[in-house]
Amino acid sequence: MASARDAPKPLSAWKATGGVDCAADSLRCAEVEPDLQIQRISLLRTENTKAHHTTQFQTHKLVVRRGQVFHLHLLLSRPLRPQDTLKLQCGTGPKPSIAKHTLIALDLSTSLSCHGWTAAILKKPGLEVVVAVTSSPNAIVGLYSLEVRTEKFVFQPEDNKFYLLFNPWCAEDAVFLPSEEERKEYVLNDTGYIYMGSSKQIKEKPWTYGQFEKNVLDCSVLVMNAGFLKTVEMRDPVLVSRNVGAMVGVGAGGAAGPGAAPEPSRLQAPQPRTTPMATRPPTVNSENKNGVLVGNWSGEYKGGTAPYQWAGSVPILQQYYATRASVAFGQCWVFAGILTTVLRALGIPARSVTVFDSAHDTEKNLTLDVYVNEMGKTLSSMSSDSIWNFHVWTEAWMRRQDLPRGNDGWQVVDGTPQELSHGVFCCGPSPLAAIRKGNIFMGYDTKFVFSEVNADKLIWLVRQVNGHEKVTLLSVETMAIGKSISTKVVGQDRRHDITYNYKFPEGSKEERAVMDNAFSLLSFTREYTLPAKEILLELSVDAAPVMLGGPLVFSVTLRRKTGPLQSVTFSGSFDLQSYTGKQLASLGVVQKTVQMEDTVSKVVLTWDAKTYLSHLGNFDDDPVVKGFILAEVGETKETMAAEVCLSFVHPELTVELPSTGKVGQVLTCMCIFKNSLAIPLTDVRFSVDSLGIASLQVVDQGGVPAPSRRVSFAVSDHSVAPTVPPGETVQSGIKCTPVRAGPRKFIIRLSSRQVKDIYAEKVVLISS
């Protein structure tokens with residue numbers, strides 16, 4: 001059978017529309033004149049992408065969404081006759097087959113459908129024909145090839161590949177999202193925020209999702225294809241999101257939780273090239289070396305990029321697509337950002353969500369065990385459970401046709417897999433509706449996610465009695481886990497608390513009933529009980545965030561309801577910790593005894609800044625201060641415990657940037673930072689991130705005479721900035737050239753050995 005590929009090159013005018021010239025020399029034309037040929041096939045990219053909300057994708061391929069009509073324009077060699085054969089074929093995956101639902105064959109002379117796809121000729125005035133193609137709302141998502149067949153020939157457009165995505169605008173699609181405002185936010189918005197810090201000091205981190213940037217869609221489809229799914233399963237958003245979640249964070253293996261043991265995964269991708277293990281710290285686990293990002297919680301990031309330095313998903317996905325090698329390094333918020341990008345690119349509504357005080361229940365018993373000694377020192381060796389200051393995952397929107405009614409809507413998909421799930425390191429999708437009701441065996445990994453937001457926290461005191469350890473249950477905290485669950489507000493740059501989506505109000509009858517329901521579904525009963533006695537003393541600790549370089553101050557309050565005067569000994573032990581609870585440095589212990597004379601007694605415990613400043617440059621993470629304070633009544637030996645978490649406050653970064661700009665004209669961003677801390681900052685670096693700009697150029701602004709002397713220097717990926725002493729100001733100018741019109745968010749960051757991440761942002765309106 002002849003093919004249009006054997007014809008002469010297309011005319012330049014036809015090239016511009018994506019068509020191909022199928023005319024041959026005069027002798028060949030005379031031979032085939034009686035037969036119908038296609039002289040040009042146009043995919044009408046401009047019209048189709050506008051109708052399908054895909055104009056922003058930076059690709060030459062046509063991008064359309066399933067369940068919605070798109071059009072083709074055919075230029076024929078002669079008018080179409082009733083007896084002519086004219087067929088359209090679309091195929092995806094290896095060896096497309098009608099039997100496997102991977103090949104769609106449509107006869108344009110009939111109204112017959114194929115696997116839910118239809119096609120019809122709309123107009124045929126003379127030599128020009130417009131064909132309307134409607135894919136099934138349940139069609140396989142991915143990269144398709146397209147060809148048109150006549151009786152004797154096969155014709156293809158110059159670029160015969162097109163992408164078919166999920167369609168949140170189509171009511172029959174399983175990812176249909178009714179609200180247009182939410183579709184704009186969760187599918188089309190390419191920037192956002194990821195929330196970090198602690199429940200008492202929530203920080204927003206700007207994140208560039210960039211799902212429309214060059215090669216990001218190509219990479220997203222590559223990631224989807226690289227996992228454990230068959231091609232026909234790529235129609236199901238449940239399986240696609242689960243597979244993508246596994247492939248995004250598979251590099252983390254078992255390293256997500258400190259001390260967790262890695263296990264091999266069976267996910268595989270075609271002929272990957274991976275980062276040599278010699279360049280990675282030995283503490284990094286990457287059992288499946290085909291994943292997008294290597295997880296690393298060691299605090300040592302030689303041979304890669306420290307997780308806090310990433311400002312968005314685009315450079316990670318572009319590097320992975322170019323090299324097919326896992327990118328180093330990431331932690332939970334980076335995995336969540338990438339997963340949100342990939343899902344949005346594929347057409348699945350998605351958002352990044354942060355859970356503060358998130359539990360990692362390794363024993364899978366819906367409880368978290370914390371052991372402390374008599375000085376308040378946490379004994380991490382006695383339990384593999386951990387509580388993260390925050391954990392970030394992704395929510396994806398879809399109907400759960402695989403589950404009973406009532407489980408549609410937002411689903412948790414965790415790109416930082418912490419446990420094996422059906423033999424693969426992945427987590428979810430788990431329905432929020434099931435989590436809220438305590439239906440822990442509904443959907444994928446719901447019990448694990450339920451524990452992350454709802455587990456009971458048990459604090460155990462370990463004493464040395466006659467040479468033996470005596471373990472006593474001090475308290476059961478039912479409201480300590482899963483606080484301030486946060487995502488970005490639709491259409492606004494502020495935080496939205498969605499804790500109510502996950503659980504009833506803490507302490508309510510409904511919340512306790514849900515917990516009872518979850519426990520009733522386990523194969524064992526609760527293993528802890530507290531002695532039934534009246535609580536006569538209450539302990540609370542207040543620790544306000546401290547400016548880096550200042551002393552640590554803890555205000556301890558003890559309230560007694562009745563009883564005689566009592567002697568109380570306060571003991572406290574604090575560490576510098578990572579956000580996952582990993583100890584980075586011990587800050588020591590303190591002990592103080594007071595005589596309670598009033599109903600309310602207050603004690604102030606203070607640590608000098610010297611206890612932590614010397615440790616800040618020893619690890620490449622942004623630490624917090626965390627520990628326990630114990631109060632023991634001398635007469636009765638009654639003991640209470642309170643856990644404390646304290647975050648550091650950093651100075652602000654000032655940015656001077658025009659409010660408007662033009663495509664092709666240079667913009668200069670001035671980064672200005674005054675070190676108002678009491679300590680010098682070393683290895684200071686600036687960076688600028690934005691979408692739709694050309695490569696950056698750093699310019700030296702020169703010094704400014706005292707007393708307002710500014711330390712100026714050129715910044716690049718490899719430059720090392722001078723030390724910025726206390727009270728002095730540093731500045732740098734960074735030039736960039738916009739290449740696309742529209743509102744563009746510029747994110748400017750400063751980092752140093754002591755302060756890991758300070759940012760400022762500004763939106764600039766770029767005109768063409």
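On a predicted model such as this, the values are computed, not experimentally measured, just so you know. Positions within a chain are numbered from 1, following the residues in the order the chain's sequence is written. The predicted nature of this model means local features are confined to residues of pLDDT at least 70 and side-chain atom pairs, given and counted, to a pLDDT of 80 or more, with totals for whole chains, interfaces and linings taken over all residues. Excluded from the side-chain calculations are hydrogens and water; all other atoms, namely the structure's heavy atoms, are used.

Engineer: Can you help me understand the overall build of the chain in this one?
Structural biologist: Helix numbers and strand numbers start at the N terminus; a helix is a DSSP run of H or I with at least 4 residues, a strand a run of E with at least 2. Helices and strands together make up the secondary structure of the chain, namely 13 helices and 44 strands. Whether a residue is buried, partly exposed or exposed follows from its accessible area with a 1.4 Å probe, protein chains only, as a fraction of its type maximum: under 20%, in between, or over 50%, in that order. Counting over 768 residues, the chain shows a buried share of 56%. Any two residues whose heavy atoms approach within 4.5 Å at even a single point are treated as in contact. Within the chain, residue pairs in contact and separated by at least 24 positions form 68% of the contacts whose partners lie at least 6 positions apart. Per-residue accessibility takes into account occlusion by the displayed protein chains alone, with areas from the Shrake-Rupley method and a 1.4 Å probe. As displayed, the chain offers around 31600 Å² of accessible surface, 52% of which is attributable to carbon and sulfur atoms.

Engineer: Is there a simple way to think about the sheet that holds strand 29 (residues 552-560) in this case?
Structural biologist: Pairing between two strands is assigned when DSSP locates at least 2 bridges connecting them. The strand order across the open sheet formed by three strands is 27-29-32, and the pairing between neighbours is antiparallel. Looking along the sheet, the strands with just one partner apiece sit at the ends: strand 27 (537-542) and strand 32 (600-607). Taking the axes of each pair of neighbouring strands and ignoring which way they run, one obtains an average angle of 20 degrees across the sheet. Relative to strand 32, strand 29 runs antiparallel, the two sharing eight bridges. The residue bridging Phe 554 from the neighbouring strand is Leu 605, located in strand 32. Axis lines are fitted to C-alpha atoms, over the contacting stretch for helices. Their N-to-C directions set the angle, which ranges from 0 to 180 degrees.

Engineer: How should I be thinking about the packing of helix 5 (residues 216-225) against helix 7 (residues 314-323) in this particular structure?
Structural biologist: What describes two packed helices is the angle between their axes and the distance between those same axes. Between helix 5 and helix 7, the least distance of the axes is 9 Å, while the angle of their chain directions is 65 degrees. In terms of orientation, helix 5 and helix 7 fall into the roughly perpendicular class. As helix 5 runs across helix 7, the sense of the crossing is left-handed. Contact residues: helix 5 offers Val 216, Asp 218, Cys 219, Leu 222 and Val 223, while helix 7 offers Val 314, Leu 317, Tyr 320 and Tyr 321. Polar here means any residue other than Ala, Val, Leu, Ile, Met, Phe, Trp, Tyr, Cys and Pro, which are nonpolar, and Asp, Glu, Lys and Arg, which are charged; Gly is therefore polar. Considered class by class, the residues forming the contact of helix 5 with helix 7 number eight nonpolar, no polar and one charged. Roughly parallel means an angle under 35 degrees; roughly antiparallel means over 145; roughly perpendicular covers 65 to 115; every other angle is labelled oblique. A crossing counts as left-handed when the near helix is turned anticlockwise from the far one by less than a right angle, and as right-handed when that turn is clockwise.

Engineer: Please explain the pattern of salt bridges as it appears in this structure.
Structural biologist: Side-chain pairing between opposite charges can occur once the charged atoms of the two side chains come close. Put simply, a salt bridge is a Lys or Arg side-chain nitrogen that is within 4 Å of an Asp or Glu carboxyl oxygen. This model, assessed by the stated rule, comprises 26 salt bridges. A salt bridge links Arg 78 to Asp 84, with the shortest nitrogen-to-oxygen separation between them at 3.0 Å. One exposure class covers both Arg 78 and Asp 84, and it is buried. A salt bridge links Arg 512 to Asp 456, with the shortest nitrogen-to-oxygen separation between them at 3.3 Å. With Arg 512 in helix 12 (residues 509-520) and Asp 456 in strand 23 (residues 456-465), this pair connects stretches of sequence that are 56 residues apart. Since its relative accessible area comes to 22%, Arg 512 is described here as partly exposed. Its relative accessible area of 1% is what places Asp 456 among the buried residues. Here the salt bridges do not stand alone but share partners, grouping Glu 185, Lys 488, Asp 493, Lys 745 and Glu 761 into one network.

Engineer: Could you clarify how one ought to interpret helix 7 in this entry?
Structural biologist: Quick reminder: α-helices carry 3.6 residues per turn. Residues three or four places apart thus point the same way. Of the positions making up helix 7, those classed as buried are Val 314, Ile 316, Leu 317 and Tyr 320. Projected down its long axis, helix 7 shows its buried positions confined to an angular sector of 165 degrees, all on one face. Against the buried residues of helix 7 lie strand 13 (201-208), helix 5, strand 14 (293-295), strand 15 (327-330) and helix 8 (332-346). Arg 324 sits one or two positions beyond helix 7 and adopts a positive phi of about 60 degrees. The arc in question is the one spanned by the directions pointing from the helix axis to the C-beta atoms.

Engineer: Can you walk me through the pairing of strand 15 in this structure?
Structural biologist: Every regular strand shows the same layout, with side chains that alternate between the two sheet faces. Of the strand pairs in this sheet, strand 14 and strand 15 are connected by three bridges, and their pairing is parallel. The partner of Leu 293 across the bridge, within strand 15, is Val 327. By the criterion used throughout, a crossover qualifies as right-handed when its path from the first strand across the helix to the second strand runs clockwise, the strands pointing away from the viewer. A crossover links strand 14 with its parallel partner strand 15, the connecting element being helix 7, and its sense is left-handed.

Engineer: I'm lost on unusual backbone geometry in this one. Help?
Structural biologist: Note on backbone geometry: most residues besides glycine have negative phi, and most peptide bonds are trans. Residue Phe 329 is reached from Ala 328 by a cis peptide bond, and omega for that bond is 5 degrees. Along the chain, Phe 329 falls in strand 15. Here the bond from Gly 428 into Pro 429 is cis, since omega is 5 degrees, no more than 30 degrees from zero. Of note in this structure, Leu 44 is not a glycine but carries a positive phi near 45 degrees. Looking at where Leu 44 falls in the secondary structure, it is placed in the loop between strand 2 (38-42) and helix 3 (45-51). Unlike most non-glycine residues, Asp 445 shows phi in positive territory, near 60 degrees.

Engineer: In this structure, what is going on with helix 10 (residues 446-454)? I would like to understand it.
Structural biologist: Burial of helix 10 is extensive: eight of the nine residues sit out of reach of the surface. Of the residues making up helix 10, those classed as buried are Thr 446, Phe 448, Val 449, Phe 450, Ser 451, Glu 452, Val 453 and Asn 454.

Engineer: Any chance you could explain the packing of aromatic side chains here in plain terms?
Structural biologist: Each aromatic ring pair is specified by the distance between its two centres and by the angle formed by the two planes. Ring pairs shown here join Phe, Tyr and Trp side chains whose ring centres sit within 6.5 Å, with only the six-membered ring taken for Trp; geometry is labelled stacked below 30 degrees between planes, edge-to-face above 60, and tilted in between. In total, this model carries 19 aromatic pairs according to the counting rule given. Here Tyr 144 and Phe 162 contribute two aromatic rings whose centre-to-centre distance is 5.4 Å and whose plane-to-plane angle is 20 degrees, an arrangement assigned as stacked. In this pair, Tyr 144 is assigned in strand 9 (residues 142-149) and Phe 162 in strand 11 (residues 161-165), connecting sequence segments 18 residues apart. No difference in accessibility class separates Tyr 144 from Phe 162, as the two residues are buried. Judged by centre distance (4.9 Å) and plane angle (40 degrees), the ring pair of Tyr 612 and Phe 648 falls under tilted.

Engineer: Which parts of the structure should I look at to understand the environment of Ile 758?
Structural biologist: When you line up the elements, Ile 758 lands in strand 44 (residues 758-767). Given a relative accessible area of 6%, Ile 758 falls into the buried group. Discounting chain neighbours no more than four positions away, the residues touching Ile 758 are His 650, Pro 651, Glu 652, Leu 653, Phe 673, Ile 748, Arg 749 and Leu 750.

Engineer: Is there a simple way to explain the sheet that holds strand 7 (residues 118-123) in this structure?
Structural biologist: Note: strands within a sheet are paired through backbone hydrogen bonds, in either parallel or antiparallel orientation. If you walk across this open sheet you meet the four strands as 2-4-8-7, and the pairing is antiparallel. Of all strands in the sheet, those bounded by a partner on one side alone are strand 2 and strand 7. Taken over all neighbouring pairs, the strand axes of this sheet differ in orientation by 25 degrees on average, direction set aside. The pairing of strand 4 (residues 69-76) with strand 8 (residues 128-134) spans seven bridges and is antiparallel. What sits directly across from Val 69, in strand 8, is Thr 134.

Engineer: What should I look at first to understand the side chain of Thr 49 in this one?
Structural biologist: Positionally, Thr 49 belongs in helix 3. Side-chain polar atoms of Thr 49 contact the backbone oxygen of Arg 45, separated by 2.7 Å. Filtering out sequence-adjacent residues up to four positions away, Thr 49 remains in contact with Thr 54, Thr 55, Leu 62 and Val 63. Two N or O atoms count as a polar contact when they lie within 3.5 Å, although within protein this holds only if one can serve as hydrogen donor and the other as acceptor, and sequence-adjacent residues are included solely when both atoms are side-chain atoms.

Engineer: Is there a simple way to explain the nonpolar core in this structure?
Structural biologist: In a soluble, globular protein the nonpolar side chains are often hidden away together inside. Buried Ala, Val, Leu, Ile, Met, Phe, Trp, Tyr and Cys residues form a nonpolar core when they are joined through side-chain atoms within 4.5 Å. Core analysis: the biggest nonpolar cluster contains 100 residues, and Leu 88, Trp 117, Phe 162, Val 240, Val 244, Trp 333 and Ile 338 have the highest contact counts within it. Element by element, the count of residues in this core is highest for helix 8, at eleven residues. If near-sequence neighbours (up to four positions away) are discounted, Val 240 is found in contact with Phe 166, Met 224, Leu 229, Glu 233, Met 234, Leu 346 and Ile 348. Of all hydrophobic cores here, the second largest spans 59 residues; its members include Phe 673, Val 724, Ile 748 and Val 755.

Engineer: Honestly, the side chain of Gln 577 in this entry has me stumped. Any pointers?
Structural biologist: Relative to the assigned elements, Gln 577 resides in strand 30 (residues 566-577). Aside from chain neighbours lying at most four places away, what touches Gln 577 is Lys 582, Gln 583, Leu 584, Pro 623, Val 624 and Lys 626.

Engineer: Where do I start with the pairing of strand 9 in this structure?
Structural biologist: For strand 5 (residues 87-92) and strand 9, the ladder comprises six bridges, and the chain directions are antiparallel. Within strand 9, the position partnered with Gln 89 by the bridge is Glu 147. Relative to strand 11, strand 9 is paired through four bridges, and the arrangement is antiparallel. Each residue of the ladder has a partner; that of Gly 142, found in strand 11, is Leu 164. Pairing between strand 9 and strand 10 (residues 153-155): two bridges, direction antiparallel. Following the sheet pairing, Val 148 is matched in strand 10 by Phe 155. Turn length for the strand 9-strand 10 hairpin, with the two strands adjacent in sequence and antiparallel, is three residues.

That's the geometry; what it means functionally is another story.
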